[in-house]
Amino acid sequence: MTNNTTKVPKEKNRSPVVALCGGVGGAKLALGLYRVLAPNNLTLVINTGDDFEHLGLFISPDIDTVTYTLADKNNLETGWGHRDETWNFMSAISTLKGETWFALGDRDLAIHVERSRRLRSSELLSNITGDIAGNFGIDAQLLPMTNDPAATIILTSAGHLNFQDYFVRMKCKPVIKQVVYDEASVATPNPDVLTALNQAELRAIILCPSNPFLSMDPILAVPGIREAMVTSPAPVIGVSPIINDQAIKGPTSKIMSELSLPSSVQAIAEHYGVLLDGFVIDTADQDQSNEIHTSVMSSNILMNSLKDRENLALEVLAFADAITTKKN
Ligand code: FO1
């Protein structure tokens, strides 16, 4: 199988691309885009609704997943955290009868300690994120959606839960009644996000196949971000996180049924509504194309291999370019 050290021909097109993404699922397409686009041509707007303070440390799981993935340091066994991890800290905490429900690996700890130190010195999350990405040798712009607190709260059968309590501690078992973005909806957007979305020569805005409710909606809830996407002349392309009525990964289908929505590509497209200029679905769902209100492209969207990620990235970009040509 191709690995990240295998060189891939970079696209000649120098027009910038912005992609919105959450953690593991979204990071796969983000990596594909990163590998095929010309250097310094990709901006990633990353969900911070999952961020929380744990054991005195500020944890930004989606930022770290994207950072490790682009740096080829992501943990392939867990799907999150650092590769080649050891767990001495967790076993020491366990001896102390401390909290072990959220696992922080020994290597991964460094990013949390360094982020926490700098945040406590009143540095901005955006500057810290950019510096860390640079230190990992990443030549894409990694942008937290906001520098403000923007915790996603889940209203469930087990009460109001912080995101990681719902997702990790309770393994997504409680039935969701509502997902609440109260903090995100009054947060100030990271100004670099608006600058990126307002670029006149922007080629495409891509919604990675992250969970729409847990990863994308928190970004879209931040004032100004959705509006900048709607007014941008660049096509907004969504990529489905669902194949054959099942989530590719994670609780998307379960959440959709709890929110009384069918777990279908059509329902995802409807959820994004007028935001979309195009929607990418799997060939397995082609029969739903006619029920989707926007232009549709179907392909293999599973992204098992690195080659799949690069191929899907190239196809999504070509689809965006075709929509631009049709509009002009
Ligand atoms: N996910 C888990 O299911 N269990 C964990 O113990 C866990 C630890 C963890 C530590 C650092 C990090 O960056 C991510 C971590 N995640 C863990 C993943 C994370 O909770 C979720 O995948 C995202 O928040 C959802 O995108």
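For the structure, check the block above.
What comes next concerns the included structure. Since the structure is predicted, the reported quantities are computational estimates derived from the model, not experimental observations.

### Thoughts on the environment of Ser60
Summarising the element assignment, Ser60 is placed in the loop between strand E4 (57-59) and helix H2 (61-70). For Ser60, a relative accessible area of 2% corresponds to the buried category. Ser60 sits 69 residues away from Thr129 along the chain, and the two C-alpha atoms are 9.6 Å apart.

### Things to note about the pattern of salt bridges
Inspection of the entire model under this criterion finds 13 salt bridges. The salt bridge partner of Arg203 is Glu11, with a shortest N-O separation of 2.6 Å. Highlighted residues: Arg203 in the loop between helix H7 (191-197) and strand E9 (204-207) and Glu11 in the segment before strand E1 (17-21), separated in sequence by 192 residues. Relative accessible area serves as the criterion here: at 7%, Arg203 is assigned to the buried category. Between Arg83 and Asp72 there is a salt bridge, with the nearest N and O atoms lying 2.9 Å from each other. Placement of Arg83 in the loop between H2 and helix H3 (88-95) and of Asp72 in the loop between H2 and H3 is noted, with a sequence separation of 11 residues between them. Each of Glu11, Arg203 and Asp321 takes part in a single network of salt bridges with overlapping partners.

### Here we look at the site of the ligand
Of all residues adjacent to the ligand, which total 14 residues, the nearest are Asp50, Asp62, Trp80, Ala103 and Gln164. One nitrogen or oxygen atom from the side chain of Trp80 is found 3.2 Å from a nitrogen atom belonging to the ligand. The separation between an oxygen atom of the ligand and a polar side-chain atom of Gln164 is 2.8 Å. When the free accessible area of the ligand is taken as 530 Å², the share hidden by the protein chains comes to 89%. At a threshold of 2 Å from the grid points, most atoms of the ligand map onto the largest pocket. Of all the secondary-structure elements, those providing two or more residues to the shell around the ligand are H2 and helix H6 (163-169). The element contributing the most residues to the shell around the ligand is H6, with four residues.

### So, empty space enclosed by the protein
Taken as a whole, this structure holds one cavity of 30 Å³ or more when the rule is applied. Lining the largest cavity are Lys10, Leu33, Tyr34, Leu37, Ala38, Pro39, Asn40, Asn41, Leu42 and Asp139. Among the residues forming the lining of the largest cavity, the class breakdown is six nonpolar, two polar and two charged.

Rules used in this analysis
Residues numbered from 1 in each chain as written. Predicted model: local features only at pLDDT ≥ 70, side-chain atom pairs only at ≥ 80, totals over all residues. Heavy atoms only, no water. Helix = DSSP H or I, 4+ residues; strand = E, 2+ residues; numbered from the N terminus. Buried < 20%, exposed > 50% of the residue type's maximum accessible area, 1.4 Å probe, protein only. Salt bridge = Lys/Arg side-chain N within 4 Å of Asp/Glu carboxyl O. Near = heavy atom within 4 Å. Polar contact = N/O pair within 3.5 Å; in protein donor to acceptor, adjacent residues only side chain to side chain. Areas by Shrake-Rupley, 256 points an atom, 1.4 Å probe, with all protein chains shown as cover. 1 Å grid on protein atoms, 1.4 Å probe; cavity = no way out; pocket = protein on both sides within 12 Å on 5 of 7 lines; lining within 4 Å. Sits in = over half its atoms within 2 Å of the grid points. Points joined across faces, edges and corners; volume = space filled by probe spheres on them. Nonpolar A, V, L, I, M, F, W, Y, C, P; charged D, E, K, R; others polar.

Coordinates in, geometry out; function isn't part of it.
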